[in-house]
Amino acid sequence: LDWKAAVAMLRSMEKSDSNKDWYLPQPNAYCYSSVLSACARCDEYDEAIRIMERMKDIKPNTWVYNAVLSACASRRRNKKSNNNNGTRRVQMALLLLNRMQTTYD
């Protein structure tokens, strides 16, 4: 699954040590948004939320917010999804929209 490879690469970038001879660069907002988009395409809502929460010193840009909002809206594969999960996704989407408005006002 492509989203798992994207998440693995992001984790490698986050853990990379610049004091070694060979290292990966630290991820930026665009790296995060790419991985979040992969999660959204594969209906990995929970993983997308966890990844966004891991963004320590990186201010989410509109690409990041849009990718996570897409994950909130995506319910293609999840046949076991119940109404509580849908309600939780809507609540998270509203929270993200509010946070986005606060960030960019």
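Residues numbered from 1 in each chain as written. Predicted model: local features only at pLDDT ≥ 70, side-chain atom pairs only at ≥ 80, totals over all residues. Heavy atoms only, no water.

A word on the overall build of the protein
Along the backbone of the protein there are five helices and zero strands. Along the protein, from the amino end to the carboxyl end, the secondary structure elements read α-α-α-α-α. Within the protein, the fraction of its 105 residues that count as buried is 40%. Summed over all atoms, the accessible surface of the protein reaches about 7000 Å², with 51% contributed by carbon and sulfur. (Helix = DSSP H or I, 4+ residues; strand = E, 2+ residues; numbered from the N terminus. Buried < 20%, exposed > 50% of the residue type's maximum accessible area, 1.4 Å probe, protein only. Areas by Shrake-Rupley, 256 points an atom, 1.4 Å probe, with all protein chains shown as cover.)

Comments concerning unusual backbone geometry
A positive phi angle is found at Asp43, which is not glycine, with a value near 60°. Accessibility expressed as a relative area gives 7% for Asp43, which makes it buried.

So, the pattern of salt bridges
All told, the structure shown has five salt bridges when counted by the stated rule. For Arg88, the salt bridge is made with Asp46, and the minimal N-O distance between the two is 2.9 Å. Highlighted residues: Arg88 in helix H5 (residues 83-104) and Asp46 in helix H3 (residues 45-54), separated in sequence by 42 residues. For Arg50, the salt bridge is made with Glu47, and the minimal N-O distance between the two is 2.9 Å. Of the two residues, Arg50 and Glu47 both sit in helix H3, three residues apart, roughly one turn of that helix. The exposure class of Arg50 is partly exposed, given its relative accessible area of 44%. (Salt bridge = Lys/Arg side-chain N within 4 Å of Asp/Glu carboxyl O.)

What to know about the side chain of Ser16
Its place among the elements puts Ser16 in the loop between helix H1 (2-15) and helix H2 (29-41). In this view, Ser16 contacts Tyr23, Leu24 and Gln26; residues no more than four positions away in its chain are not counted. (Contact = heavy atoms within 4.5 Å.)

Section: the nonpolar core
Formed by 27 residues in total, the largest nonpolar core has its most connected members in Leu36, Ile51, Met52, Val64 and Leu96. Sequence-distant contacts of Ile51, defined by excluding residues within four places in its chain, comprise Val7, Leu10, Tyr32, Val35, Leu36 and Cys39. (Core = buried A, V, L, I, M, F, W, Y, C linked by side-chain atoms within 4.5 Å.)

Examining the confidence of the model for the protein
On average, residues of the protein score 88 in pLDDT, and 90% of them are at 70 or above. Taken element by element, the protein is modelled with least confidence in H5, mean pLDDT 86, and with most confidence in H2, mean pLDDT 96. (pLDDT = per-residue confidence, 0-100.)

A look at a nonpolar patch on the surface
Judged by side-chain polarity, Val90, Leu94 and Leu97 come together as a nonpolar surface patch covering roughly 280 Å² of accessible area. Examined against the element boundaries, Leu94 turns out to sit in helix H5. By relative accessible area, which is 54% here, Leu94 ends up exposed. (Patch = residues over 30% accessible without salt bridge, like charges linked within 9 Å, V, L, I, M, F, W, Y side chains within 5 Å.)

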